[in-house]
Amino acid sequence: MGDFVRVESGDGIGTIRLERPPMNALNTRVQEELRAAAAEVTADSGIRAVIVYGGEKVFAAGADIKEMAEMSYVAMAERAADLSSALGALARIPKPVVAAITGYALGGGCELALACDWRVVAEDAKLGQPEIKLGIIPGAGGTQRLARLIGPARAKDLIMSGRMVDAQEALRIGLADRVVPADQVYSAAVELVRPYVTGPAQALRAAKLAVDGGLEMDLASGLAWESQLFAALFATDDRREGMEAFVAKRKPDFTGR
C-alpha cells in the first residue's frame, strides 16, 4: 500500500484506488505507486479482474504540472520513459481491467484510462488531452493509445485542440464504453468485470495478449501470434473443463489453471 495508491480486493476483483486529493494529480510518486499496484494485482492469483478508480469526485485530472514546470529537457528526457512505462504497466496487467471514471480524466488521467481495457464514465464526466495548451503533447501513451482506440483523425482533433469531451461524445467516438449516473460508476464497473471472475483466466489472458499484441504487428504476424496462443491453451485444465462441459451440456467450472 502506497501513500496515494492502494489495492483493495474482494470477491475476485481488485480495485486500484487513487487517493491524492483534491484532483489525484499524477506526480512521480503516484506514477511509481501505480506501477507497484499493477505488479501487485498481476501477482495475486485471487484477483481475476481489476478496476481503476479515483473515487466519487474525480478520476485523475492530469499530471502534476507544478512538479513538471521547472524541469529541463535533460531532466524530462531521463524521466519520460519512466512516465510512459508506469502507465504501460497497467496496460500489461494480464487480466480484464476497467477504468471507473468520475469527474475528470484529463491529460495523464485520460492516459491512465486509455491503459485500461474499458472505460465506464459518469454522465457528468469530462475527458481529454489538454497538454497542447501547455505547449507540449501527451507523453504517457495518449498519442498512441488514443489513436488506436478512436482513430487518428479523432485523436488529432482532441490532442491538437486540447478540448474536453463530455460523456456522451466520449461514448459516440468510442472513448467511453458505458455511461451511467455518477453515483453508479463503481457499481457499473463491478458489474462489467464480474463475469470474468469465474471465467477461464488463462484464456482471458491469452485473448488480451492476442488483441493487444496483434495491434503492433502486420496481419501475417498477428495471425501467427494468435495461433501460438490458441494452441498453448490446449495445455490448460480450463480448456479441458470447458470442452467436457460443452459435450455434457453443463455449465463449466473454471479454476483458472
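Structure shown above.
Residues numbered from 1 in each chain as written. Predicted model: local features only at pLDDT ≥ 70, side-chain atom pairs only at ≥ 80, totals over all residues. Heavy atoms only, no water.

Caption draft 1: Spotlight on the layout of surface pockets. Approximately 850 Å³ is the volume attributed to the largest pocket. Lining the largest pocket we find 30 residues, and of these A91, D117, K208, D212 and L215 sit closest to its centre. Only α3 (73-91), β6 (118-122), α5 (142-150) and α9 (201-214) provide two or more residues apiece to the lining of the largest pocket. With eight residues, the single largest contributor to the lining of the largest pocket is α9. Here the lining of the largest pocket is composed, by residue class, of 15 nonpolar, five polar and 10 charged. Together, 26 residues line the second largest pocket, and A63, M68, E131, I136 and I137 are the ones closest to its centre. Contributing elements (two or more residues each) for the lining of the second largest pocket: α2 (65-68), α3 and α4 (108-114). For the lining of the second largest pocket, the residue count by class is 18 nonpolar, six polar and two charged. (1 Å grid on protein atoms, 1.4 Å probe; cavity = no way out; pocket = protein on both sides within 12 Å on 5 of 7 lines; lining within 4 Å. Points joined across faces, edges and corners; volume = space filled by probe spheres on them. Helix = DSSP H or I, 4+ residues; strand = E, 2+ residues; numbered from the N terminus. Nonpolar A, V, L, I, M, F, W, Y, C, P; charged D, E, K, R; others polar.)

Caption draft 2: Spatial organisation of the sheet that holds strand β8 (residues 164-166). Taken in spatial order, the three strands make up an open sheet running β5-β7-β8, and their pairing is mixed. Bordering the open sheet on either side are β5 (104-106) and β8, each of which pairs with just one other strand. Taking each pair of neighbouring strands and ignoring which way they run, the sheet shows an average axis angle of 20°. By the bridge criterion, three bridges tie β5 to strand β7 (residues 126-128) in an arrangement that is parallel. (Pairing = 2+ DSSP bridges. Axes fitted to C-alpha atoms, helices over the stretch in contact; angles between N-to-C directions.)

Caption draft 3: The arrangement of the sheet that holds strand β9 (residues 178-180) in detail. As summarised here, the arrangement of the six strands in space is β1-β2-β3-β4-β6-β9, forming an open sheet in which the pairing is mixed. Edge positions in the open sheet fall to β1 (5-10) and β9, since each of these has one partner strand only. Shown here is a sheet whose adjacent strand axes are inclined to one another by a mean of 20°, direction ignored. One ladder, built from four bridges, connects strand β3 (residues 49-53) with strand β4 (residues 97-101); its direction is parallel. Counted as the bridge partner of Y53 is A100 from β4.

Caption draft 4: Inspection of the nonpolar core at higher detail. Ranked by internal contacts, the top residues of the largest apolar core, which has 62 residues, are I16, L34 and L175. Of the residues forming this core, the biggest block, seven residues, is contributed by helix α8 (residues 185-197). Once residues lying within four places of it in the same chain are set aside, the contact partners of L34 are V5, I16, L18, L26, L87, L90 and L112. (Core = buried A, V, L, I, M, F, W, Y, C linked by side-chain atoms within 4.5 Å. Buried < 20%, exposed > 50% of the residue type's maximum accessible area, 1.4 Å probe, protein only. Contact = heavy atoms within 4.5 Å.)

Caption draft 5: Representation of unusual backbone geometry within the structure. The step from P21 to P22 runs through a cis peptide bond, and the omega angle for that step is 10°. Within the element layout of this structure, P22 appears in the loop between β2 (13-18) and α1 (28-43). Of note in the backbone geometry, N24 takes a positive phi value of approximately 55° without being a glycine. Relative to the helices and strands, N24 resides in the loop between β2 and α1.

Caption draft 6: Seen up close, the pairing of β2. Where burial is concerned, most of β2 is hidden: six out of the six residues are buried. Pairing of β1 with β2, which is carried by six bridges, proceeds in the antiparallel orientation. Opposite S9, over in β2, you have G14 as the bridge partner. With antiparallel pairing between neighbouring strands as the criterion, β1 and β2 make up a hairpin whose turn holds two residues, including D11 at a positive phi of roughly 55°. Of the pairings in the sheet, the one linking β2 to β3 comprises five bridges and is parallel in character. Residue R17 lies in a different strand from β3, and its bridge partner there is Y53.

Caption draft 7: A look at the packing of aromatic side chains. Scanning the entire structure with this criterion turns up three aromatic pairs. Between W118 and Y196, the aromatic rings sit 5.5 Å apart at their centres with planes inclined by 5°, giving stacked as the arrangement. Taken together, the positions of W118 in strand β6 and Y196 in helix α8 put the pair 78 residues apart, joining distant regions of the chain. The cationic tip of R17 hangs over the ring face of Y186; the distance from NZ or CZ to the ring centre is 5.9 Å. (Phe/Tyr/Trp six-rings, centres within 6.5 Å; stacked < 30°, edge-to-face > 60°. Lys NZ or Arg CZ within 6 Å of the ring centre and 35° of its normal.)

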